[in-house]
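Reading the structure
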Amino acid sequence: MRFETTLQRSVTASGVGLHHGVPVNIRIVPAPASTGIVFVRTDLDNFQIPASWRHVARVSYATSLMRQGVLISTTEHLLSVLYSMGIDNAYVEIDNLEVPILDGSGLPFVRLIEQAGVRQLRRKRRYLLIRRPVTVEDKHKRISILPDETFRLTCDTDYPAPVGRQSIELEVTPQRYAAQIAFARTFGWESDLK
């Protein structure tokens, strides 16, 4: 898409935070061009936290954003959906410190975006151009960003049984994201170790 987007209308969801177990309500609201995605803590006098790398506070078990000591936790599913569904600008009004987990996947957020509709704005999108490969490795984990004309995802995982080795490769479009990625749920392993 050449132009920035937002939602046609507001949508709401309620649930429980995965890590903090708190009840939470969110409302995703259309925003003007060049706003980006901005979390608005309605329980704290509408304090705003832009979804920016500048505000990433923690990424262990959840992606948390923090500005001036105010936290928004477990943002990864919602932000993945907004990006992959092509939403550039939105206010996410939230009345607690954590985005609700809903069913553990991004699919309920996809359904909300589909329900809201997408509106094209008059401002052209600005793009980050990747000119050379960038790779970060840590033990047996690696992530790479490679120059390409499209947003292409390649993922290989190798978990113990019963899951085993899994691979996926696809060009990410809103339709493919909704059909092939959004349903993936967060999961964990129970340990017999005491």
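Owing to the predicted nature of the structure, the values given are computational and were not obtained by experimental measurement.

Turning our attention to the overall build of the chain. Helix and strand content of the chain: three helices and 14 strands. For 194 residues, the compact-globule estimate of 2.2 N^0.38 gives 16 Å, and the chain sits close to it at 17 Å. In terms of principal-axis extent, the alpha carbons of the chain reach across some 45 × 45 × 30 Å. Per-residue burial for the chain yields a buried fraction of 35% across its 194 residues. Summarising the internal contacts of the chain: among those between residues at least 6 apart in sequence, 61% fall at separations of at least 24. About 12,900 Å² of surface is accessible on the chain, with carbon and sulfur atoms providing 52% of the total. In the chain, the 24 positive side-chain charges and the 20 negative ones have mean positions that sit 8 Å from each other.

Formed by 33 residues in total, the largest nonpolar core has its most connected members in Ile26, Leu78 and Tyr177. Tallying contributions element by element places helix α2 (residues 107-116) first for this core, with five residues. In contact with Leu78, other than residues within four places in its own chain, are Ile26, Ile28, Phe39, Val92, Val99 and Phe109.

Attention shifts here to a nonpolar patch on the surface. A contiguous nonpolar surface patch, about 360 Å² in accessible area, is contributed by Trp53, Val56 and Val59. Residue position: Val59 is located in the loop between β6 (56-58) and β7 (64-67). Assessed through its relative accessible area of 60%, Val59 is described here as exposed.

As a further point, take the packing of helix α1 (residues 76-84) against α2. Between α1 and α2, whose axes approach to 9 Å, the crossing angle comes to 40°. Here α1 lies oblique to α2, going by the angle between them. Read as a crossing pair, α1 and α2 show a hand that is right-handed. Contact residues: His77, Leu78, Val81 and Leu82 in α1; Phe109, Val110 and Ile113 in α2.

Following the sequence through the fold, Ser14 ends up in strand β2 (residues 11-16). It is 6.3 Å that separates the C-alpha atoms of Ser14 and Ile26, two residues lying twelve residues apart in sequence. If we ignore the near neighbours within four places in the chain, the residues touching Ser14 are Val24, Asn25, Pro100 and Leu102. In this structure the side chain of Ser14 is engaged in a polar contact, spanning 2.5 Å, whose partner is the side chain of Asn25.

What counts, and at which threshold
Residues numbered from 1 in each chain as written. Predicted model: local features only at pLDDT ≥ 70, side-chain atom pairs only at ≥ 80, totals over all residues. Heavy atoms only, no water. Helix = DSSP H or I, 4+ residues; strand = E, 2+ residues; numbered from the N terminus. Rg over C-alpha atoms; globule rule 2.2 N^0.38 Å. Buried < 20%, exposed > 50% of the residue type's maximum accessible area, 1.4 Å probe, protein only. Contact = heavy atoms within 4.5 Å. Areas by Shrake-Rupley, 256 points an atom, 1.4 Å probe, with all protein chains shown as cover. Lys, Arg positive; Asp, Glu negative; His and termini not counted. Charge placed at Lys NZ, Arg CZ, Asp CG, Glu CD. Core = buried A, V, L, I, M, F, W, Y, C linked by side-chain atoms within 4.5 Å. Patch = residues over 30% accessible without salt bridge, like charges linked within 9 Å, V, L, I, M, F, W, Y side chains within 5 Å. Salt bridge = Lys/Arg side-chain N within 4 Å of Asp/Glu carboxyl O. Axes fitted to C-alpha atoms, helices over the stretch in contact; angles between N-to-C directions. Parallel < 35°, antiparallel > 145°, perpendicular 65-115°, else oblique. Left-handed = near helix turned anticlockwise from the far one by under 90°. Polar contact = N/O pair within 3.5 Å; in protein donor to acceptor, adjacent residues only side chain to side chain.

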